[in-house]
Every structure is written in C-alpha cells, then in structure tokens.
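Observations on chain architecture
The lines below spell out each chain.
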Amino acid sequence: MIQVKLSEMMGLHKVKSFALLERETGITRKTLTKLYDGEGKGIEYETLNALCKYFNCSIGDLLEYVPEEKEGK
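Rules of the game
- Residues numbered from 1 in each chain as written.
- Predicted model: local features only at pLDDT ≥ 70, side-chain atom pairs only at ≥ 80, totals over all residues.
- Heavy atoms only, no water.
- Helix = DSSP H or I, 4+ residues; strand = E, 2+ residues; numbered from the N terminus.
- Buried < 20%, exposed > 50% of the residue type's maximum accessible area, 1.4 Å probe, protein only.
- Contact = heavy atoms within 4.5 Å.
- Areas by Shrake-Rupley, 256 points an atom, 1.4 Å probe, with all protein chains shown as cover.
- Lys, Arg positive; Asp, Glu negative; His and termini not counted.
- Charge placed at Lys NZ, Arg CZ, Asp CG, Glu CD.
- Core = buried A, V, L, I, M, F, W, Y, C linked by side-chain atoms within 4.5 Å.

1. Quick look at the overall build of the protein
Counting secondary structure elements, the protein contains five helices and two strands. Helices (α) and strands (β) of the protein occur, in sequence order from the N terminus, as β-α-α-α-α-α-β. Along the first, second and third principal axes, the C-alpha set of the protein runs to 45 × 25 × 20 Å. Burial status across the protein gives 25% buried among its 73 residues. Counted over contacts in the protein with a minimum sequence separation of 6, partners at least 24 positions apart contribute 58%. A total of about 5,700 Å² of accessible surface is found on the protein, and carbon and sulfur atoms cover 48% of it. Side-chain charges of the protein comprise 11 positive and 12 negative groups, with the mean position of each set lying 4 Å from the other.

What follows is the structure, given as structure tokens:
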C-alpha cells in the first residue's frame, strides 16, 4: 500500500492550515484533505510536483510503500 505522508510534511514545515497550502500550491482543499486522510485513490503528477516544490523535497519524502499484511498472519 502507498501511504501519503502529507501530515508529516505539514508538521515538519509548520504548515497549520489547508488554506495556506491551497493558496501556495494551487491544490484544492478537497484534494489536500483526501491526501492528508489517506483516502485518495490516486495522485496526479502535477499534484506531486506542486507538493515537492512547496516542501522542497523528493517524492520519497511524500510517499511511502508499506507492505500489507497477508491474512492469517
């Protein structure tokens, strides 16, 4: 499973509101909320680019692969 670490990045950079992030990146609050809550079904390259540019980070700082546990284990 791919996890978006937007909450981590916002905390690290002391970004306290979606309104500021929306204004600075052009990403809608709805999209930011879905990413923050881990409810997104996909993410556009343009969104990744805007977040990496804003946080001055790499994609690996925003996304993390976490293997899902197999049933019965």
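2. Some words on the nonpolar core
One recurring pattern in soluble globular proteins: nonpolar side chains tend to sit buried together. One finds L6, L21, L51, F55 and L62 to be the most contacted residues of the largest nonpolar core, which totals 14 residues. Contributing elements (two or more residues each) for this core: helix 1 (6–12), helix 3 (29–37) and helix 4 (45–55). A per-element tally of this core places helix 4 first, with four residues. Look past the residues within four positions of L6 in its chain and what remains in contact with it is L21, L32, L35, Y36, L51 and F55.

3. A closer look at helix 4
Given 3.6 residues to a turn, an α-helix orients residues that are three or four positions apart in the same direction. When helix 4 is considered as a whole, its buried residues turn out to be T47, L48, A50, L51, C52 and F55. Lining the buried residues of helix 4 we find helix 1, helix 2 (18–25), helix 3, helix 5 (59–62) and strand 2 (63–65).

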